[in-house]
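Architecture and fold: a report
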Amino acid sequence: MKIFAAEFIKSCVTPEQFPSGQLHEIAFVGRSNVGKSSLINSLLNRRDLAKVSRTPGKTRAVNVFLVSTSDPNLSQFHLVDLPGYGFARVSKSVRTQWGPLIEDYLVGRASLLGIVMLVDSRVVTDQDRQTIAWLRSIRRNPLVVATKVDKLKPSERVRTLRLTHRALGLADGELLIPYSSETGDGRDRLWGALREAAGRRPADIA
Ligand SMILES: Nc1nc2c(ncn2[C@@H]2O[C@H](COP(=O)(O)OP(=O)(O)O)[C@@H](O)[C@H]2O)c(=O)[nH]1
Ligand SMILES: [Mg+2]
């Protein structure tokens, strides 16, 4: 599969600013600093399309990118970068942290094809668990990706990923895709999972 183009379209802070919904969307979520911007850049083969920041929790806007690929089911889609969660000092509900903009988007968006949820391969937080539970409750099962796997010692990799899988409460057959934006490890697998998800969904929108 080839990526023909990837470009930033806009930052949205109100629902009116969202794209019209003609294209499928794949949304990326995860707590701040989990490596979301890095993963988007790695996935799209671009150095700094999504800003990689060392200061967590800065982006509160919904950033939309237009991506076109050689895969017929993903020939054109919007990659949607949602604000991070988990930087509030006091643990708040998913709703109060993300606010109604994101909640309404995730609950009601017809053109939303799938959600990729990023977790740190070494650290699972309560908010990660709450977010998965909440996404499931609105019938949006996320595709879960474990980031920064280059930081795992090879001898501990399998065990750590198994523990992370369990800590997230994923079922036996549910995927946890290991990913490293440093090495590109997991990139083909994640694209494969996205292409499969896009292929399962009838082309009722695009
Ligand atoms: N070692 C390693 N560091 C990473 C990886 N992905 C992100 N980082 C680092 O983690 C920090 C946060 O990354 P960023 O992409 O801005 O996270 P975001 O807040 O979720 O968008 C940065 O210092 C990145 O360089 C990875 O796969 N491996
Ligand atoms: Mg970011």
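Residues numbered from 1 in each chain as written. Chains lettered and ligands numbered in written order. Predicted model: local features only at pLDDT ≥ 70, side-chain atom pairs only at ≥ 80, totals over all residues. Heavy atoms only, no water.

Near ligand 1 you find 17 residues, and of these Asn 33, Lys 36, Ser 38, Asp 150 and Ser 181 are the closest. Between ligand 1 and Ser 37 there is a distance of 2.9 Å, counted from an oxygen atom to a backbone nitrogen or oxygen. In the model, a nitrogen atom of ligand 1 is placed 2.7 Å from a nitrogen or oxygen of the Asp 150 side chain. In the complex, 85% of the free accessible area of ligand 1, which totals 580 Å², lies under the protein chains. (Near = heavy atom within 4 Å. Polar contact = N/O pair within 3.5 Å; in protein donor to acceptor, adjacent residues only side chain to side chain. Areas by Shrake-Rupley, 256 points an atom, 1.4 Å probe, with all protein chains shown as cover.)

This part covers the sheet that holds strand S2 (residues 24-30). With respect to topology, seven strands assemble into an open sheet ordered S1-S3-S4-S2-S5-S6-S7, the strand pairing being mixed. Since the sheet does not close on itself, it has two edges, and those belong to strand S1 (3-12) and strand S7 (176-178), each with one partner. Between one strand axis and the next, the sheet turns by 25° as a mean value, whatever way the strands run. As judged from the five bridges shared by S2 and strand S4 (residues 77-81), these two strands associate in the parallel manner. Across the sheet, residue Ala 27 finds its bridge partner in S4, namely Val 80. With respect to the sheet, helix H1 (residues 36-43) is in contact with S1, S2, S4, strand S5 (112-120) and strand S6 (143-147), its orientation differing from that of S2 by roughly 140°. Packing of helix H3 (residues 126-137) onto the sheet brings it into contact with S5 and S6, and relative to S5 it is tilted by some 165°. (Pairing = 2+ DSSP bridges. Helix = DSSP H or I, 4+ residues; strand = E, 2+ residues; numbered from the N terminus. Axes fitted to C-alpha atoms, helices over the stretch in contact; angles between N-to-C directions. Contact = heavy atoms within 4.5 Å.)

This brings us to unusual backbone geometry. As a rule of thumb, non-glycine residues mostly have phi less than zero, and peptide bonds are mostly trans rather than cis. Positive phi outside glycine occurs at Asn 33, with the angle close to 75°. Within the fold, Asn 33 resides in the loop between S2 and H1. The backbone of Lys 148 shows a phi angle near 60°, a positive value even though the residue is not glycine. Inspection of the secondary structure assignment puts Lys 148 in the loop between S6 and helix H4 (157-167). For Lys 148, a relative accessible area of 23% translates into the label partly exposed. (Buried < 20%, exposed > 50% of the residue type's maximum accessible area, 1.4 Å probe, protein only.)

Looking now at the packing of H1 against helix H5 (residues 187-200). Closest axis-to-axis distance for the H1/H5 pair is 10 Å, and the angle between their directions is 85°. Accordingly, the angle class assigned to the pair H1 and H5 is roughly perpendicular. Here Leu 39, Ser 42 and Leu 43 of H1 come into contact with H5, specifically with Arg 187, Leu 190, Trp 191 and Leu 194. Tallied by class, the residues present in the contact of H1 with H5 amount to five nonpolar, one polar and one charged. (Parallel < 35°, antiparallel > 145°, perpendicular 65-115°, else oblique. Nonpolar A, V, L, I, M, F, W, Y, C, P; charged D, E, K, R; others polar.)

Moving on, we get to the nonpolar core. In a soluble, globular protein the nonpolar side chains are often hidden away together inside. Among the nonpolar cores identified, the biggest contains 31 residues, and Val 62, Leu 82, Tyr 105, Leu 106, Leu 168 and Leu 176 are the most heavily contacted of them. Listing elements by their share of this core, those giving two or more residues are S2, strand S3 (62-69), helix H2 (94-108), S5, H3 and S6. By residue number, the principal contributor to this core is H2, which donates five residues. With residues near it in sequence (within four places) discarded, Leu 106 still touches Leu 82, Trp 98, Leu 112, Ile 115, Trp 134, Leu 135, Ile 138 and Arg 140. In this structure, Ala 6, Leu 44, Leu 49 and Tyr 179 belong to the second largest nonpolar core, which totals 27 residues. (Core = buried A, V, L, I, M, F, W, Y, C linked by side-chain atoms within 4.5 Å.)

This brings us to the pattern of salt bridges. Side chains that differ in charge, positive against negative, can pair when their charged atoms come close. Following the criterion strictly, the structure yields ten salt bridges and no others. The closest approach of N and O atoms between Asp 128 and Arg 31, which form a salt bridge, is 3.6 Å. Of this pair, Asp 128 sits in helix H3 while Arg 31 sits in the loop between S2 and H1, and the two are 97 residues apart along the sequence. In terms of burial, Asp 128 and Arg 31 fall into one category: buried. Residue Arg 200 is joined to Glu 196 by a salt bridge in which the shortest nitrogen-to-oxygen separation is 3.1 Å. In this pair, Arg 200 and Glu 196 are both assigned in helix H5, four residues apart and thus about one turn of the helix distant. Of the residues examined, Arg 200 reaches a relative accessible area of 61% and is grouped as exposed. Overall, Glu 196 belongs to the exposed group, its relative accessible area being 52%. (Salt bridge = Lys/Arg side-chain N within 4 Å of Asp/Glu carboxyl O.)

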